[in-house]
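Listed below, chain by chain, are the residues.
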Amino acid sequence: MKLYDLELDTNKLPILVEEKSFRYSSTCNTPQLITEMLNQCFNLCNKAEEHVYLIALNTKLNVSGVFLISKGTIDASICNPREILQRCFIVGASAFVIAHNHPSGDCSPSKGDVETYNRLKEAGNIMGIRCLDSIILSNSDYYSLSEN
């Protein structure tokens, strides 16, 4: 599995840059497995600020790539459909999952979390890339918006 970022080439166009590679053999096709992967590879449940990750998936729901979308504050972060879908297109994803942590330890979704998930689902449907879930992690649990 690979963690990617985007950088500008000499023509100021975004290109995919591999930041890190992880040996992770388990599939990531359920909220629980995605949570385990994010905690094992990125220690997401222990971050002091909100971090938003994109997990881009291929047609068989295997991970095409992972991106750190935003590093926010103790109770907020930015997550826009444009940045999400741009990365999905670049890695050829057919679906994606968004995940972020709540440093407070309460993984209940905020109104903003639900609104962002609905915007991502709508934008993904328009562009032909399914938003499968938005997962919120705390230090001991997770909350899946698609499961609830």
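Relevant structure appears above.
Source: prediction; values computed, not measured. (Residues numbered from 1 in each chain as written. Predicted model: local features only at pLDDT ≥ 70, side-chain atom pairs only at ≥ 80, totals over all residues. Heavy atoms only, no water.)

Participant: Quick rundown of the packing of aromatic side chains? Include the residues and the values.
Facilitator: For any pair of aromatic rings, the description rests on two quantities: the centre-to-centre distance and the angle between the ring planes. Scanning the model with the defined rule gives 3 aromatic pairs in all. Between Tyr-4 and Phe-67, the ring centres sit 5.8 Å apart and the planes meet at 35°, which makes this aromatic pair tilted. Linking Tyr-4 in strand β1 (residues 2-8) with Phe-67 in strand β4 (residues 63-71), this pair joins segments that are 63 residues apart in sequence. For the residue pair Tyr-4 and Phe-67, the accessibility class agrees, reading buried in each case. Arranged with centres 4.9 Å apart and planes meeting at 70°, the rings of Phe-22 and Phe-42 form a pair that is edge-to-face. Taken as a pair, Phe-22 in the loop between β2 (14-21) and α1 (31-42) and Phe-42 in helix α1 lie far apart in primary sequence, 20 residues in all. (Phe/Tyr/Trp six-rings, centres within 6.5 Å; stacked < 30°, edge-to-face > 60°. Helix = DSSP H or I, 4+ residues; strand = E, 2+ residues; numbered from the N terminus. Buried < 20%, exposed > 50% of the residue type's maximum accessible area, 1.4 Å probe, protein only.)

Participant: Can you explain the pattern of salt bridges? Please cite residues and give values.
Facilitator: Scanning the entire structure with this criterion turns up 3 salt bridges. Residue Arg-82 is joined to Glu-83 by a salt bridge in which the shortest nitrogen-to-oxygen separation is 3.6 Å. Taking relative accessible area as the criterion, Glu-83 reaches 26% and is therefore assigned partly exposed. The partner of Lys-111 in a salt bridge is Glu-115, with the nearest N and O atoms 4.0 Å apart. Here Lys-111 and its partner Glu-115 are both found in helix α3 (residues 111-127), 4 residues apart, which amounts to about one turn of the helix. What makes Lys-111 exposed here is its relative accessible area of 66%. (Salt bridge = Lys/Arg side-chain N within 4 Å of Asp/Glu carboxyl O.)

Participant: Now, about α3: what can you tell me, with residues and values included?
Facilitator: Between the first and last C-alpha of α3 there are 24 Å, a value that for 17 residues agrees with the 24 Å anticipated at 1.5 Å per step. Buried residues of α3: Asp-113, Tyr-117, Leu-120, Ala-123 and Gly-124, and no others. Taken end-on, α3 shows its buried residues confined to a sector of 135°, consistent with a single buried face. Looking at α3, the residues exposed on the side facing more than 90 degrees away from the buried face are Lys-111, Glu-122, Asn-125 and Ile-126. The inward-facing, buried residues of α3 abut α2 (81-91), β5 (95-101) and β6 (130-137). Looking one or two residues beyond α3, the residue adopting positive phi is Gly-128, at roughly 85°. (Expected span 1.5 Å × (residues − 1). Arc of directions from axis to C-beta. Contact = heavy atoms within 4.5 Å.)

Participant: Can you lay out the side chain of Glu-50 for me, pointing to particular residues and giving the numbers?
Facilitator: Mapped onto the fold, Glu-50 is located in the loop between α1 and β3 (51-57). At 3.1 Å, the side chain of Glu-50 forms a polar contact with the side chain of Ser-77. With residues up to four places along the chain from it excluded, the contact list for Glu-50 reads Ser-70, Lys-71, Gly-72, Thr-73, Ile-74, Asp-75, Ala-76, Ser-77, His-100, Asn-101, His-102 and Pro-103. (Polar contact = N/O pair within 3.5 Å; in protein donor to acceptor, adjacent residues only side chain to side chain.)

Participant: Lay out the packing of α2 against α3 with the relevant residues and their values.
Facilitator: Taken N-terminus to C-terminus, the directions of α2 and α3 make an angle of 40°; their axes are 10 Å apart at the nearest point. Viewed along their axes, α2 and α3 adopt a mutual orientation that is oblique. As for the relative orientation of α2 and α3, their crossing is right-handed in sense. Touching Pro-81, Ile-84, Leu-85 and Phe-89 of α2 are Arg-119, Leu-120, Ala-123, Gly-124 and Met-127, all from α3. When its residues are assigned to classes, the contact of α2 with α3 shows 7 nonpolar, 1 polar and 1 charged. (Axes fitted to C-alpha atoms, helices over the stretch in contact; angles between N-to-C directions. Parallel < 35°, antiparallel > 145°, perpendicular 65-115°, else oblique. Left-handed = near helix turned anticlockwise from the far one by under 90°. Nonpolar A, V, L, I, M, F, W, Y, C, P; charged D, E, K, R; others polar.)

Participant: Report on the sheet that holds β1, specifying residues and quantitative values.
Facilitator: Strands in a sheet are paired, the pairing made by backbone hydrogen bonds, and the direction either parallel or antiparallel. Strands sit in the order β2-β1-β4-β3-β5-β6-β7 across an open sheet of 7 strands; the sheet is mixed. Edge positions in the sheet fall to β2 and β7 (142-144), since each of these pairs with one other strand and no more. Ignoring strand direction, the axes of neighbouring strands in this sheet form an average angle of 30°. Note: β3 against β4, 7 bridges, orientation antiparallel. Bridged to Leu-57 within β4 is Val-63. Of the strands in this sheet, β1, β3, β4, β5, β6 and β7 are in contact with α1, which crosses β6 at around 60°. The sheet contacts of α3 involve β5 and β6, and relative to β6 the element is tilted by about 160°. (Pairing = 2+ DSSP bridges.)

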